[in-house]
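Fold and geometry: a report
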Amino acid sequence: MHEIIQKLDNKRAAARLGGGQKRIDTQHSKGKLSARERIEILFDEGSFEEWDMFVEHRCEDFGMGEQRIPGDGVITGYGTINGRPMFVFSQDFTVFGGSLSESHAKKILKVMEKAVQVGAPVIGLNDSGGARIQEGVASLAGYADVFLQNVLASGVIPQSSLVMGPCAGGAVYSPAMTDFIFMVKDSSYMFVTGPDVVKTVTHENVTQEQLGGAMTHAAKSGVADGAFENDVDALLQLRRLMDFLPLNNKEKSPVVPHIDPPDRDDSSLDTLIPDNPNKPYDMKELILKVVDEGDFFEIGEHFAKNMIIGFARMEGATVGIVANQPMVLAGCLDIDSSRKAARFVRFCDCFNIPIVTFVDVPGFLPGTNQEFNGIIKHGAKLLFAYAEATVPKVTVITRKAYGGAYDVMSSKHIRGDVNFAWPTAEIAVMGAKGAVEIIFRQDIGDATKIAERTKEYESRFANPFRAANLGFIDDVIMPHGTRRRICKSLAMLRTKDIKNPWKKHDNIPL
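The sections below set out a description of the structure shown in this document.

About the cut-offs
- Every chain is numbered on its own, with residues counted from 1 as its sequence reads.
- Local features are withheld for residues below a pLDDT of 70 in this predicted model, meaning they are given only at 70 or higher, and side-chain atom pairs are given and counted only at 80 or more; totals for whole chains, interfaces and linings count all residues.
- Side-chain numbers here rest on the full set of heavy atoms in the structure, without hydrogens or water.
- Strands are treated as partners if at least two bridges between them are detected by DSSP.
- Strands here are runs of E lasting at least two residues and helices are runs of H or I lasting at least four, both read from the DSSP assignment and numbered beginning at the N terminus.
- An axis is simply a line fitted to the C-alpha atoms; with a helix, the fit covers only the stretch in contact. Between two such axes, the angle follows the N-to-C directions and lies from 0 to 180 degrees.
- Categorising residues by exposure relies on relative accessible area from a 1.4 Å probe, with only protein chains included: less than 20% of the type maximum marks a residue as buried, more than 50% marks it as exposed, and the intermediate range marks it as partly exposed.
- Orient the strands so they point away from the viewer, and a crossover whose first-strand-to-second-strand path over the helix runs clockwise is right-handed.
- Any Lys or Arg side-chain nitrogen located within 4 Å of an Asp or Glu carboxyl oxygen qualifies as a salt bridge.
- For this analysis, a ring pair means two rings from Phe, Tyr or Trp (six-membered ring only for Trp) whose centres lie within 6.5 Å, classed as stacked if their planes differ by under 30 degrees, edge-to-face if by over 60, and tilted for the remaining angles.
- In this analysis, the expected span of each helix is defined as 1.5 Å times one less than the number of residues it contains.
- N or O atoms closer than or at 3.5 Å make up a polar contact, with two conditions inside protein: a donor-capable atom paired with an acceptor-capable one, and, for residues adjacent in sequence, both atoms drawn from side chains.
- Convention used here: angles under 35 degrees read as roughly parallel, angles over 145 as roughly antiparallel, angles from 65 to 115 as roughly perpendicular, and any remaining angle as oblique.
- By convention the crossing between two helices is left-handed if the near helix lies anticlockwise of the far one by an angle smaller than a right angle, and right-handed if it lies clockwise.
- Contacts were defined at the residue level, with two residues in contact if any of their heavy atoms lie within 4.5 Å.
- Throughout, the ten residues Ala, Val, Leu, Ile, Met, Phe, Trp, Tyr, Cys and Pro are labelled nonpolar, Asp, Glu, Lys and Arg are labelled charged, and all others, Gly among them, are labelled polar.

**Description of the sheet that holds strand E7 (residues 180–184)**
Across the sheet, which stays open at both edges, the seven strands sit in the order E1-E2-E3-E4-E5-E7-E9 with mixed pairing between neighbours. The outermost strands of the open sheet, each flanked by one partner alone, are strand E1 (49–51) and strand E9 (226–228). Each strand axis lies, on average, 20° off the axis of its neighbour in the sheet, ignoring direction. When E1 meets strand E2 (residues 74–81), the two strands line up antiparallel, connected through three bridges. Note on E2: the bridge partner recorded for Glu-49 is Tyr-78.

In structure tokens form, the structure reads like this:
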């Protein structure tokens with residue numbers, strides 16, 4: 001018995017070392033943690049239960065039969081984050097560069113399938129050189145099996161990816177199908193084809209960081225939802241994100257204790273909107289002053305900054321925040337902001353998270369670039385997402401809500417449950433100046449008449465009362481009472497129960 005125990009201890013020690021101390025030291029020298037260290041930070045202390053520690057690859061080609069390392073380049077299992085169960089796989093770059101083999105893929109599939117069965121989120125810590133070339137098509141099959149499981153798990157359990165090293169070729173598509181992607185600055189990158197291939201095909205000279213680094217994807221492509229300074233920061237922020245989310249699509253989000261009174265007023269909001277309708281203000285100030293304890297977890301902060309999305313709490317319960325940002329492009333909707341918000345709205349609807357929308361939108365961004373790149377269909381994504389969502393939806397129009405953009409931003413007409421407007425709201429087909437120049441084009445040469453007509457149009461439409469008269473706005477509220485009114489509305493909507501017509505699935509305008 002003693003010999004067996006000793007053998008087990010030796011095997012565990014070998015597995016824990018992965019590719020060996022030298023390679024772990026190399027990881028550290030690059031500012032990267034080892035695969036096991038990452039799990040230790042992510043999960044509650046002592047909670048991680050590892051599976052398949054002794055799994056090895058089965059490849060005999062190209063001398064691989066002589067190179068077998070327990071675990072085969074990925075650590076899998078489950079644990080808890082703040083006491084709530086989560087599954088994880090953490091790729092180990094010290095073992096064959098974290099490359100995916102048939103056995104490696106099967107380990108990932110095992111935790112993904114079990115996560116769906118028990119209804120717990122799955123987290124992938126990606127740090128891999130890609131498919132294991134020595135295994136040929138078997139490794140490609142392993143990727144495809146993982147992709148299928150990503151699809152089957154989508155909308156059932158939250159899936160999150162934290163890219164902490166290389167992620168190239170086919171490896172990028174598993175993170176792409178998860179709900180959130182975080183990256184680490186200067187040490188992680190994602191691309192379908194690397195710099196060498198790009199240079200050969202398009203003759204462009206580009207570095208890995210320029211092509212697929214964390215800030216490239218966080219700010220330019222929108223592939224990444226966050227870019228963090230180092231491994232530790234990224235893991236701690238991922239822990240924070242998971243605190244907002246439900247375990248699965250059958251549960252409500254966790255309700256946490258809070259000390260922020262739901263009836264708290266904030267008089268500073270009464271002066272948030274500038275007197276000049278063309279002057280911007282920071283919508284984040286409104287969000288931080290309305291949500292519990294000013295705690296707002298923003299998603300996609302660096303991408304499409306004219307749209308703000310993220311998670312907060314109202315009376316301790318998670319809500320999704322969607323808001324136009326007047327500080328950027330005057331808050332106009334464009335292709336990127338529409339895509340960004342649409343995916344977020346659909347995530348919230350998947351996982352029973354109420355949506356609070358703050359509206360200040362002068363319309364869709366004009367221009368040939370937007371039209372030629374499909375603003376019609378991309379804008380329709382956001383419209384579609386809001387319209388199909390059955391979760392509670394509370395909307396507050398703070399200032400401009402013009403044209404089709406008014407309809408799109410969770411209006412009453414697409415099943416907004418409770419729609420408020422501030423006294424400063426302007427709900428109209430377009431701004432007064434543009435409207436007058438169309439309606440009274442015969443008077444354009446007469447500045448006095450145009451001024452009079454503009455004033456008349458403003459008195460009729462540059463306010464929330466016409467919409468309130470028609471029942472499109474449930475109430476015109478004072479800005480200082482915004483938190484109180486939202487909290488009351490969400491409390492009323494907790495038992496909301498509506499269903500869309502039966503269908504196999506919808507056909508969102510992708």
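Let us keep going from here.
**Re the pairing of strand E4 (residues 122–126)**
Of all five residues that make up E4, five are buried, and the element is covered over most of its length. Relative to E4, strand E3 (residues 84–91) runs parallel, the two being bridged by four bridges. Residue pairing across strands places Phe-87 opposite Val-122, the latter belonging to E4. The parallel pair E3 and E4, bridged by helix H4 (residues 102–118), forms a crossover whose chirality is right-handed. Taken together, the five bridges between E4 and strand E5 (residues 159–163) define a ladder with parallel strand orientation.

**Here we look at the pairing of strand E13 (residues 355–361)**
Of all seven residues making up E13, seven are buried, and the element is well covered by its neighbours. Residues of E13 alternate between two faces, with Ile-355, Thr-357, Val-359 and Val-361 on one and Val-356, Phe-358 and Asp-360 on the opposite face, all of them buried. Chirality of the crossover, the property in question, places the unit of strand E12 (residues 317–324), helix H12 (residues 335–350) and E13 among those that are right-handed. Judged from the six bridges that link them, E13 and strand E14 (residues 393–402) form a sheet pairing that is parallel. Bridge pairing links Thr-357 to Thr-395 in E14.

**Thoughts on the pattern of salt bridges**
Pairs may arise between side chains of opposite charge once their charged atoms sit close together. On inspection of all chains with the given rule, the structure shows 25 salt bridges. Arg-240 is paired through a salt bridge with Asp-295; the nearest N and O atoms lie 2.7 Å apart. Here Arg-240, found in helix H10 (residues 231–244), pairs with Asp-295, found in the loop between helix H11 (283–290) and strand E10 (297–299); they are 55 residues apart in sequence, far enough to count as distant. Residue classification places Asp-295 among the partly exposed residues on the basis of a relative accessible area of 26%. Among the charged side chains, a network of salt bridges with common partners joins Lys-32, Arg-38, Asp-127 and Asp-231.

**Some thoughts on unusual backbone geometry**
The backbone of Glu-293 shows a phi angle near 55°, a positive value even though the residue is not glycine. Secondary-structure assignment places Glu-293 in the loop between H11 and E10. For Glu-293, a relative accessible area of 48% gives the class partly exposed. Here Asn-352, not a glycine, exhibits a phi torsion of approximately 60°, which is positive. Tracing the backbone shows Asn-352 in the loop between H12 and E13. For Asn-352, a relative accessible area of 24% gives the class partly exposed.

**Here we look at the packing of aromatic side chains**
Counted according to the given criterion, the structure contains 16 aromatic pairs. Consider the rings of Phe-182 and Phe-297, whose centres lie 6.3 Å apart with planes at 40°: the pair is tilted. Of the two residues, Phe-182 sits in strand E7 while Phe-297 sits in strand E10, which places them 115 residues apart along the sequence. Given the relative accessible area of 3%, Phe-297 is considered buried.

**Quick look at H10**
The end-to-end C-alpha distance of H10 is 21 Å, a good match for the 20 Å that 14 residues give at a rise of 1.5 Å each. Considered for burial, the residues of H10 that qualify are Asp-231, Ala-234, Leu-235, Leu-238, Arg-239, Leu-241, Met-242 and Phe-244. Put simply, Asn-230 is the residue that caps the front of H10, since its side-chain oxygen is 3.2 Å from the backbone nitrogen of Val-232.

**Describing the packing of helix H3 (residues 35–42) against H10**
The geometry of H3 relative to H10 is characterised by a closest axis approach of 9 Å and an angle of 40° between their N-to-C directions. Compared by their axis directions, H3 and H10 come out oblique. For the element pair H3 and H10, the recorded crossing hand is right-handed. For the pair formed by H3 and H10, the contact residues are Arg-38, Ile-41 and Leu-42 on the first element and Asp-231, Val-232, Leu-235, Leu-236, Leu-238 and Arg-239 on the second. Across the contact of H3 with H10, the residue classes break down as six nonpolar, no polar and three charged.

**Considering the packing of H12 against helix H14 (residues 375–388)**
What describes two packed helices is the angle between their axes and the distance between those same axes. The contact between H12 and H14 brings their axes to 8 Å, and the two run at 20°. When the interaxial angle is binned, H12 and H14 end up roughly parallel. Crossing hand, H12 versus H14: left-handed. Facing Ile-335, Ser-338, Arg-339, Ala-341, Ala-342, Val-345, Arg-346 and Asp-349 of H12, the residues of H14 in contact are Ile-375, His-378, Gly-379, Lys-381, Leu-382, Phe-384, Ala-385, Tyr-386 and Glu-388. A class-by-class count of the residues in the contact of H12 with H14 yields nine nonpolar, three polar and five charged.

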